[in-house]
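Close look at the chain arrangement
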Amino acid sequence: MKRILLAATLAGCAAESSAAPVPYGESAVLTDTNDDPNIVEVYLVAGHSIAEYLPGKPTGVWAYRDGAVPGAVGTVPGPTLRAKLGDQIIVHFRNELHHATTVHWHGPRVPFRSDGSHTSQVPVEPGQAFDYRFVVRDAGSFWYHPHVHGYEQIERGLYGTIVFEGGVTPDVTADRYLVLDDVKIADDGSLPDGTSDHDLKFGRQGNLLVVNGRRAPVDLQVGVGARERWRIVNAANGRYFNLRIPGTRFFVIGTDGGLLPTPYWTETLLIVPGERYDVLVTFDGLFGPLQTIHYERGQQEAPSDPRQLIRLRRGPPVMAREPLPTRWRDLPRMEVTSATPVRRVALGETRLPGGSLVFTINGAAWPDNFDQAIDLGRGDVEIWEIANDTAMDHPVHLHGTFFEVLPDQAGWKDTINVRRRSATRFAVQFDEPGTWMLHCHILEHADDGMMLNVFVRQ
């Protein structure tokens, strides 16, 4: 019966798979210019470049490039920052755009002055430069992107991936980074200017899905019997990706904050904007393409058919793999008791007299909600209850630290989907002072007010 259902699923994808094949590819790694094995020093440039989302129709994009490589061009995604636990990172950033920008290191714990947020630095003006410095404290899969007008700058291609190595390393045939995104593109290949009311309400959702900056579905050959590690990030403004591969399952080994103490199996994997997952995929027997299937996030259109992201081609058999680890990670937990303070944070939306929709936290839109800012001391442990009073889901992202979702405390997170008309609780503790940010990672919602400052005292 399962084979019949799988055959029907694959047959239903035949029309979509008839498009010209686009080969799978990944961005290059940023060049380390420092001879010290414990220092990674790179040059990162934001500028204008060209992509080809539609065959033969160039698209003007904003993109990062490797400033240490003469003649390098900007790519979507930008080059990967790769390092290991304990390394000192020095990023010499230069802005060659016509707009001010920053670089936010999404996920890894960094000093406040290197956070790249609205509150941690003055935006880098056109033609100017800024140095980001931090030490790698966390092993895992992260990403980087602007934190100024993110709804436009990220949509136009300004984002890149980060891999910080450390901890248990399972034996795999390939280790890949999949950046999932979509773009709203015109027939001539251009990215339209302006933001519609629909974009503001739901976050911009494009008419073209892309994987690693290439039009989906992309073609990837995998050997029969292969076990691959996929590091997956959702870089879209507002689209939720609900993943599945008919005929196989995902073995989830990590999330935003690195490896999990206890990995788990799942047939589908929901990844919301800003969120990351590390999964192992084993290609034994009959398997279908990587798809995204409908997820009801509230106030949406009718359910859509599955859409292909990767067409998986069967390759030659591969050698046997080593057994998986029996112990993945010892993760210290925060001490939460009945006496731990509980803080409620309310997500909301309101219509202004002129009809404009504004997204709020604790009844006001950033930056007019300073009087609602969270104030706590370094090392304090609190429980935050994020209450979503709206009719749609919101992916909430926290800067500066990780949190533990309650009651399971399964691993470290920095981005969590808060379901509509419901609440999510997590335990949180900061060990870096500064003015951090809590916000919705639907980028239009964040820029339209759904952000809150978090003051962490020394």
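Source: prediction; values computed, not measured.

Moving on: the sheet that holds strand S14 (residues 227–234). An order of S12-S11-S10-S14-S19-S16-S17 is seen for the 7 strands of this open sheet, with the pairing classed as mixed. This sheet does not close on itself; its edge strands, each paired only once, are strand S12 (214–215) and strand S17 (258–266). Here 3 bridges tie strand S16 (residues 250–255) to strand S19 (residues 276–282), and the two strands are oriented antiparallel to one another. The partner of valine 252 across the bridge, within S19, is valine 279.

This part is about the confidence of the model for the chain. When pLDDT is averaged along the chain, the result is 93, and 95% of the positions lie at 70 or above. Every residue in residues 1–18 scores below 50 in pLDDT, and together they form 21 contacts with partners more than four places removed in sequence or on other chains.

The next thing to look at is the side chain of aspartate 219. Considering the arrangement of structural elements, one finds aspartate 219 in strand S13 (residues 218–223). Judged by its relative accessible area of 17%, aspartate 219 is buried. For aspartate 219, the side chain forms a polar contact with the side chain of arginine 311, separated by 2.9 Å. Beyond its immediate chain neighbours, meaning those up to four positions away, aspartate 219 contacts Pro21, Val22, Pro23, Tyr24, Arg311 and Arg313.

The mixed open sheet is built from 4 strands, whose spatial order is S3-S2-S5-S7. Unpaired on one side and paired on the other, strand S3 (57–66) and strand S7 (129–135) mark the two borders of the sheet. Each adjacent strand pair in this sheet contributes to an overall mean axis angle of 20°, direction not counted. Note that strand S2 (residues 39–54) and strand S5 (residues 88–95) share 8 bridges and pair parallel.

Quick look at the packing of aromatic side chains now. Counted according to the given criterion, the structure contains 20 aromatic pairs. Pairing phenylalanine 112 with tryptophan 436 gives two aromatic rings, centres 5.6 Å apart and planes at 75°, and the pair type is edge-to-face. Of this pair, phenylalanine 112 sits in the loop between strand S6 (104–106) and S7 while tryptophan 436 is found in strand S31 (residues 434–440), placing the two residues 324 residues apart along the sequence. The buried category is assigned to phenylalanine 112, whose relative accessible area is 10%. Centre to centre, the rings of tryptophan 384 and phenylalanine 426 are 6.0 Å apart; their planes meet at 50°, and the pair counts as tilted. Here the residue tryptophan 384 occupies a position in strand S25 (residues 381–388), and phenylalanine 426 occupies one in strand S30 (residues 422–429), the gap between them amounting to 42 residues. A residue is classified by how much of its surface remains accessible, and tryptophan 384, at 0% relative accessible area, is buried. Just above the ring of tryptophan 62 sits the side chain of arginine 156; from NZ or CZ to the centre is 5.5 Å. In this structure, arginine 329 packs its charged tip against the face of tryptophan 412, placed 4.9 Å from the ring centre.

Here we take up the nonpolar core. Membership of the largest hydrophobic core comes to 31 residues, with the highest contact counts inside it found for Trp230, Leu243, Val279, Leu290, Leu309, Ile310 and Leu312. Not counting residues up to four positions away in its chain, the partners in contact with leucine 309 are Leu180, Leu209, Val211, Ala216, Pro217, Val218, Phe241, Leu243, Leu290, Gln291 and Thr292. Core analysis: the second largest hydrophobic core is formed by 28 residues, Val42, Leu97, Val110 and Val124 among them.

Moving on, we get to unusual backbone geometry. Leave glycine aside and you will find that most residues have negative phi; peptide bonds, for their part, are mostly trans. With an omega dihedral of 5°, the bond running from tryptophan 366 to proline 367 counts as a cis peptide bond. Along the chain, proline 367 falls in the loop between strand S23 (357–361) and strand S24 (374–377). The step from leucine 406 to proline 407 runs through a cis peptide bond, and the omega angle for that step is 10°. Within the secondary structure layout, proline 407 lies in the loop between strand S27 (403–406) and strand S28 (412–413). Notably, histidine 149 is not glycine yet its phi reads approximately 45°, a positive angle.

If you trace the backbone, aspartate 115 turns up in the loop between S6 and S7. Here the alpha-carbon distance between aspartate 115 and alanine 387, two residues 272 residues apart in the chain, equals 26 Å. In this view, aspartate 115 contacts Val103, His104, Trp105, Val110, Ser120, His399 and Trp436; residues no more than four positions away in its chain are not counted.

What follows covers the pairing of S16. The buried fraction of S16 amounts to 6 of the 6 residues, a majority that puts the element mostly inside the structure. Relative to S17, S16 runs antiparallel, the two sharing 5 bridges. Counterpart to phenylalanine 251 in the pairing with S17 is tryptophan 265.

Considering all chains together, one arrives at 32 salt bridges under this definition. The partner of aspartate 199 in a salt bridge is lysine 184, with the nearest N and O atoms 2.7 Å apart. One end of the pair, aspartate 199, is in helix H3 (residues 197–202); the other, lysine 184, is in the loop between strand S10 (174–183) and H3, and 15 residues separate them in sequence. Among the residues examined, aspartate 199 registers a relative accessible area of 2% and is labelled buried. Judged by its relative accessible area of 28%, lysine 184 is partly exposed. The closest approach of N and O atoms between aspartate 393 and arginine 420, which form a salt bridge, is 3.2 Å. Of this pair, aspartate 393 sits in the loop between S25 and strand S26 (394–398) while arginine 420 sits in the loop between strand S29 (415–418) and S30, placing them 27 residues apart in sequence. Under the relative-accessibility criterion, aspartate 393 is labelled buried at 0%. Residue arginine 420 is classed as partly exposed on the basis of its relative accessible area of 24%.

Thresholds, definitions, all that
Residues numbered from 1 in each chain as written. Predicted model: local features only at pLDDT ≥ 70, side-chain atom pairs only at ≥ 80, totals over all residues. Heavy atoms only, no water. Pairing = 2+ DSSP bridges. Helix = DSSP H or I, 4+ residues; strand = E, 2+ residues; numbered from the N terminus. pLDDT = per-residue confidence, 0-100. Contact = heavy atoms within 4.5 Å. Buried < 20%, exposed > 50% of the residue type's maximum accessible area, 1.4 Å probe, protein only. Polar contact = N/O pair within 3.5 Å; in protein donor to acceptor, adjacent residues only side chain to side chain. Axes fitted to C-alpha atoms, helices over the stretch in contact; angles between N-to-C directions. Phe/Tyr/Trp six-rings, centres within 6.5 Å; stacked < 30°, edge-to-face > 60°. Lys NZ or Arg CZ within 6 Å of the ring centre and 35° of its normal. Core = buried A, V, L, I, M, F, W, Y, C linked by side-chain atoms within 4.5 Å. Salt bridge = Lys/Arg side-chain N within 4 Å of Asp/Glu carboxyl O.

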